[in-house]
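# Fold and contact review
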Amino acid sequence: MNTQITISDSVESTQALAENITPMLPPGALLALHGDLGSGKTCFVTGIARALGIQDPITSPTFTMINEYMGSRQLCHMDLYRIADPDELFSLGLEDYIDGDGITIMEWAERAGDLLPEDTIHILFEVLDTPDTRRITINPQETQQ
Ligand SMILES: Nc1ncnc2c1ncn2[C@@H]1O[C@H](COP(=O)(O)OP(=O)(O)OP(=O)(O)O)[C@@H](O)[C@H]1O
Ligand SMILES: [Mg+2]
């Protein structure tokens, strides 16, 4: 996926962006979300879940580190905020997820170090000065491998 920059001015527009990209995600897609606390990462995951017809409320799996949902495709939602060592990713079963058909989304993906595969789709969330405004950059140049 090429670099794509979107300015979102609401929760709804962040979720709509996520819904729109869902059909383009290949089997075993890995989305690595980067950005500060409250920048909209979980909100984006909610949009993906909606596109897959998942009814459950989506919350950051900060303590469990991983939540799984089943919709029209499997969704695995990881949050690495509390990961102590990037190697812990392997005990979470990342490799099995990306070998499957579903979609895996990782919050705080920068904590994975350099362990993510080359075809990972990186998405950067930035809080802008105007209230409720976020800049969302898919595959920013600096994280492309
Ligand atoms: N344009 C926007 N897109 C997304 N969220 C927005 C937007 N404007 C305001 N918000 C608010 O910002 C917050 C985003 O919260 P969210 O849980 O998605 O952040 P997060 O990046 O997952 O944070 P954390 O790192 O703590 O998990 C929510 O309170 C939401 O209402
Ligand atoms: Mg979150």
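So, here's what we can say about the structure.

This part is about the pairing of strand β5 (residues 103-107). A large share of β5 lies buried, amounting to five of its five residues. Burial of β5 is two-sided: the residues Ile103, Ile105 and Glu107 facing one way and the residues Thr104 and Met106 facing the other way are all buried. Where strand β2 (residues 29-35) meets β5, five bridges bridge the pair, whose relative direction is parallel. Following the sheet pairing, leucine 31 is matched in β5 by isoleucine 105.

Before going further, it helps to examine the sheet that holds strand β1 (residues 4-8). Note: strands within a sheet are paired through backbone hydrogen bonds, in either parallel or antiparallel orientation. The seven strands lie next to each other as β1-β7-β6-β2-β5-β4-β3, forming an open sheet whose pairing is mixed. The two strands at the open ends of the sheet, each matched to only one other strand, are β1 and β3 (66-70). Taking each pair of neighbouring strands and ignoring which way they run, the sheet shows an average axis angle of 15°. Pairing between β2 and strand β6 (residues 121-127): five bridges, direction parallel. By the bridge assignment, glycine 35 is partnered in β6 with phenylalanine 125. Contacting β2, β4 (74-79), β5 and β6, helix α2 (residues 41-51) crosses the sheet at an angle of about 155° to β2.

Coordination of the magnesium ion (ligand 2) by the protein involves Thr42 (OG1), Ser60 (OG) and Glu107 (OE), with metal-donor separations of 2.0 to 2.3 Å. The buried category is assigned to glutamate 107, whose relative accessible area is 3%.

What counts, and where the lines are drawn
Residues numbered from 1 in each chain as written. Chains lettered and ligands numbered in written order. Predicted model: local features only at pLDDT ≥ 70, side-chain atom pairs only at ≥ 80, totals over all residues. Heavy atoms only, no water. Buried < 20%, exposed > 50% of the residue type's maximum accessible area, 1.4 Å probe, protein only. Helix = DSSP H or I, 4+ residues; strand = E, 2+ residues; numbered from the N terminus. Pairing = 2+ DSSP bridges. Axes fitted to C-alpha atoms, helices over the stretch in contact; angles between N-to-C directions. Contact = heavy atoms within 4.5 Å. Donors = N, O, S within 2.8 Å, 3.2 Å for Na, K, Ca; no water.

Read these as geometric descriptors, not functional statements.
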